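# Coordinate analysis (summary)
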Amino acid sequence: MKNSPFNSGKFFKNACLFEAALILVAVVLGWLSSINPFATLHYSETAILYGILGTIPLFLLFLLLEQISTESVATIRRFLLETLGSALHRHHWADLFMLAAIAGISEEILFRGVIQPWMESSWGITAGLIGSNILFGLVHAITPLYTILAVLVGIYLGLSLDYGGDRNLLTPIIIHGLYDFLAFLALMRSYRASLHT
């Protein structure tokens, strides 16, 4: 694998700033739609437990996709290794944890804290869940397959809002952030291994 075309430090800083800026977007959209993005975010040991347990199926899916060699999956893998792998492989695990946490918090506040409730109030719960996560998939559109996977992951995260019967944004935040962290570690490991082959 060739050397990274990215300035690793600049990429990391810009990624953190971009993700953090989504919180501001969520606040503005929340103000425009009269929705408090943080209304359903509260501390709960149950939500934390659901978040940790809810990460397992997503990461198992990630590991399964690592074993599939179809061209559509290989294209996603190459893209992630060439972008995220090459940009993040020199960073410490704590940096990856910080980026994953920022992404989990900001994207969930935007999509599950504002967009999903807004669409639910306009179109109903099911349409709101699906519509908000079609949008989630479109903003993650790398390839057609990746877009579909992102929609399905978004629906999973949207459903996790109501695990245990108590809507809590903390659950999808933990699932999203912890999943991203584990995926970053796996990508970094794969990229480093590719440098020695």
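In case you missed it, the structure is sitting above this.
This report concerns the structure included in the present document. (Residues numbered from 1 in each chain as written. Predicted model: local features only at pLDDT ≥ 70, side-chain atom pairs only at ≥ 80, totals over all residues. Heavy atoms only, no water.)

### Considering the overall build of the protein chain
Convention followed: Counting from the N terminus, the helices are DSSP H or I runs at least four residues long and the strands are E runs at least two residues long. The globule rule used for comparison is 2.2 Å times the number of residues to the exponent 0.38, while the radius of gyration itself is calculated over C-alpha atoms. For every residue, the accessible area obtained with a 1.4 Å probe (protein chains only) is divided by the maximum for its type, and the residue is called buried under 20%, exposed over 50%, and partly exposed between those limits.
On a plain count of helices and strands, the protein chain comes out with seven helices and zero strands. Scanning the protein chain from its N terminus toward the C terminus, one meets helices and strands in the order α-α-α-α-α-α-α. Taken over the C-alpha trace, the protein chain has a radius of gyration of 17 Å; the compact-globule value for 197 residues is 16 Å, and the two agree within 12%. Considering only C-alpha atoms, the protein chain reaches an extent of 50 × 35 × 30 Å along its principal axes. Residues counted as buried form 43% of the 197 residues belonging to the protein chain.

### Quick look at the environment of Leu22
Residue position: Leu22 is located in helix 1 (residues 8-33). Relative accessible area serves as the criterion here: at 13%, Leu22 is assigned to the buried category. Considering only alpha carbons, one finds Leu22 and Phe111, 89 residues apart in sequence, at a separation of 9.7 Å.

### Considering the nonpolar core
The criterion, for reference: Note on terminology: a nonpolar core comprises buried Ala, Val, Leu, Ile, Met, Phe, Trp, Tyr and Cys residues joined through side-chain atoms within 4.5 Å. Contact between two residues is taken to exist if any of their heavy atoms lie within 4.5 Å; hydrogens are not considered.
In this structure, Leu22, Ala26, Ile109, Leu110, Phe111, Val114, Ile115, Met119, Phe136, Leu161, Leu169 and Ile173 together form the largest nonpolar core, which totals 12 residues. In this structure Val114 touches Ala26, Leu29, Gly30, Ser33, Ile35, Pro37 and Ile109, once residues within four positions along its chain are discounted.

### Topic: unusual backbone geometry
Of note, Ser34 is a non-glycine position whose phi angle comes to about 60°, a positive value. Mapped onto the elements of the fold, Ser34 is located in the loop between helix 1 and helix 2 (45-67). Of the residues examined, Ser34 reaches a relative accessible area of 71% and is grouped as exposed.

### Topic: the pattern of salt bridges
What counts here: Put simply, a salt bridge is a Lys or Arg side-chain nitrogen that is within 4 Å of an Asp or Glu carboxyl oxygen.
Under the definition given, this model contains five salt bridges. One salt bridge connects Glu66 with Arg77, and the closest N-O pair in it is separated by 3.8 Å. Taken together, the residues Glu66 in helix 2 and Arg77 in helix 3 (residues 71-88) connect sequence positions 11 residues apart. Salt-bridge contacts for Arg167 lead to Asp162; the nearest nitrogen and oxygen are separated by 2.9 Å. According to the relative accessible area criterion, Asp162 is partly exposed, its value standing at 34%. Among the charged side chains, a salt-bridge network with shared partners connects Glu120, Asp162 and Arg167.

Interpretation in functional terms is not warranted from these geometric data alone.
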